[in-house]
Amino acid sequence: MKKIDLHIHTVKTPSDSEFVFSIDNFITYVNEHKLDAVAITNHDYFNLEQYELIKQKLPCKVFPGIEIN
């Protein structure tokens with residue numbers, strides 16, 4: 001069975017609680033949970049440059065997405 005987190009926020013939007021994204025913390029999260037894939041799903045927003053950076057740094061498959069409000 002594959003382990004996939006399909007709901008990851010990397011950019012704070014008005015509907016989110018306060019947070020600061022850290023690529024290092026994200027890598028730790030993926031490794032600790034032994035995830036096979038993640039989906040970047042910010043609210044109504046997609047940042048291609050950030051997505052490409054995350055894709056390069058993570059040791060798993062990264063899917064693009066948008067959570068529509």
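Relevant structure appears above.
As the structure is a computational prediction, the values presented were derived from the model and not from experiment. (Residues numbered from 1 in each chain as written. Predicted model: local features only at pLDDT ≥ 70, side-chain atom pairs only at ≥ 80, totals over all residues. Heavy atoms only, no water.)

Asker: Looking at this model, I keep getting lost on the packing of aromatic side chains. Mind explaining?
Answerer: The geometry of two aromatic rings is summed up by the distance between their centres and the angle between their planes. What the rule picks out here adds up to 2 aromatic pairs. For the ring pair Phe-21 and Phe-26, a centre distance of 5.8 Å and an interplane angle of 75° mean the geometry is edge-to-face. Judged by relative accessible area, Phe-21 falls into the partly exposed class, the value being 26%. Assessed through its relative accessible area of 5%, Phe-26 is described here as buried. (Phe/Tyr/Trp six-rings, centres within 6.5 Å; stacked < 30°, edge-to-face > 60°. Buried < 20%, exposed > 50% of the residue type's maximum accessible area, 1.4 Å probe, protein only.)

Asker: Could you clarify how one ought to interpret the pattern of salt bridges in this entry?
Answerer: For side chains of opposite charge, pairing can occur when their charged atoms come near one another. Summed over all chains, the structure comprises 1 salt bridge. Glu-52 is the partner of Lys-55 in a salt bridge, and the nearest nitrogen-oxygen pair spans 3.6 Å. With Lys-55 and Glu-52 both in helix H2 (residues 48–57) and 3 residues apart, the pair spans about one turn of that helix. Note on Lys-55: relative accessible area 36%, which makes it partly exposed. (Salt bridge = Lys/Arg side-chain N within 4 Å of Asp/Glu carboxyl O. Helix = DSSP H or I, 4+ residues; strand = E, 2+ residues; numbered from the N terminus.)

Asker: How should the nonpolar core be read in this particular structure?
Answerer: A general tendency of soluble globular proteins is for nonpolar side chains to be buried together. By size, the foremost hydrophobic cluster in this structure holds 13 residues, and its most contacted members are Phe-26, Val-30, Val-38, Ile-40, Ile-54, Leu-58 and Val-62. Elements that contribute at least two residues to this core include exactly helix H1 (23–32), strand S2 (37–43) and H2. Residues contacting Phe-26, with those up to four places away along its chain left out, are Ile-8, Thr-10, Phe-21, Val-38, Ile-40, Ile-54 and Leu-58. (Core = buried A, V, L, I, M, F, W, Y, C linked by side-chain atoms within 4.5 Å. Contact = heavy atoms within 4.5 Å.)

This is a description of form; function is not addressed.
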